[in-house]
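Listed below, chain by chain, are the residues.
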Amino acid sequence: MSLTPPRALVLALLLASPGTQAQTPAPATPPTPGCEVCATWNADQAPFRLFGNTYYVGMKGLSSVLVTSPQGHVLIDGGLPESAPKIIANIGALGFRIEDVKLILNSHGHIDHAGGLAELQRRSNALVAASPSAALDLASGEVGPDDPQYHALPKYPPVKDMRLARDGGQFNVGPVYLTAHATPGHTPGGLSWTWQSCDGPRCLNMVYADSINAVSRPGFKFSASSEYPNALADLRHSFETLEKLPCDVLISAHPEASQLWQRLEASATGGSDAFVDPQACRAYVAAARTLLDSRLDQEKQQ
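For clarity, every value in this text was computed on a predicted model and none was experimentally measured.

A. Structural context of the pattern of salt bridges. The full count for this structure, using the stated rule, is eleven salt bridges. Measuring nitrogen to oxygen at the nearest pair gives 3.5 Å for the salt bridge that ties R263 to D277. A residue pair is termed long-range when its members are at least 10 positions apart, and R263 in helix 8 (residues 260-270) and D277 in the loop between helix 8 and helix 9 (280-300) qualify at 14 residues. The class for D277 is partly exposed, based on a relative accessible area of 22%.

The structure is reproduced here in structure tokens:
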């Protein structure tokens, strides 16, 4: 994608800016206007441990994951702007502090996963990492014209200081290492994240999978888009990427897409093993591939 001068300048400035500084508390964030589903997405959800040092701290409809260490913690995704105080409260309910979050990772720059990042960064002074494309979105608080949902999503508070995460890149806080995997298509800058969590001698492969569903604004075609000509190829590449990942525990950006709530219910009797399913990533991809095939059939008829 060629950058228009304003977006290119924004990216240069955010990469050159110093770390965020502590600020006075912000007022409570009102509900996002123009988003009918946001209240449902933002419904309260009590936090819980997934496995080892990995915890779910997100909302009922929007995932946010905390990976802890004695040297500080990593947070993945920030929900909506109004999700931030709930995520902070969930972190506290588990006995951890938002101030000890040293790194915040993003999946993609839509409001439902990036809207709360600015406030979470302000409260923690953590480094935010996003893909180059998503960093442009986060810096402006809205997606660019190559995004399938361009002008179909509300704006959100921009993030002022970031570092770029590229395919295969690693970020760490103390002993916790997380790897970025490019999974574009739903957005041009989609990233999924992998790491290992251990409970005693047992270590599992954890996957935070970005959205890979073919949804868009009216008029956009994944099969023929001048704004995002690689959309279809990107989605298919992302399917292959996620299918090949070592995947013992899957958390998807929207939790219901990976049957998280059914697994949570089963954990009441089965313990943390209820979250373990080495086939979960393949099942997640299979559902997305079915949706894409249906979408392409519809586009042929338009």
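Still more ground to cover, so stick around.
B. Layout of the sheet that holds strand 6 (residues 127-130). Spatial ordering of the open sheet is given by 1-2-3-4-5-6-7, a layout of seven strands whose pairing is mixed. Pairing within the sheet leaves two strands with one partner each, and these edge strands are strand 1 (48-51) and strand 7 (162-164). Going across the sheet, the axis of each strand differs from the next one's by a mean of 25°, ignoring polarity. As judged from the three bridges shared by strand 6 and strand 7, these two strands associate in the parallel manner. In the sheet register, V128 faces strand 7, and the bridge partner there is M162. The sheet strands contacting helix 5 (residues 117-124) are strand 4 (73-76), strand 5 (101-105) and strand 6, and the helix crosses strand 5 at an angle near 165°.

Conventions adopted
- Residues numbered from 1 in each chain as written.
- Predicted model: local features only at pLDDT ≥ 70, side-chain atom pairs only at ≥ 80, totals over all residues.
- Heavy atoms only, no water.
- Salt bridge = Lys/Arg side-chain N within 4 Å of Asp/Glu carboxyl O.
- Helix = DSSP H or I, 4+ residues; strand = E, 2+ residues; numbered from the N terminus.
- Buried < 20%, exposed > 50% of the residue type's maximum accessible area, 1.4 Å probe, protein only.
- Pairing = 2+ DSSP bridges.
- Axes fitted to C-alpha atoms, helices over the stretch in contact; angles between N-to-C directions.
- Contact = heavy atoms within 4.5 Å.

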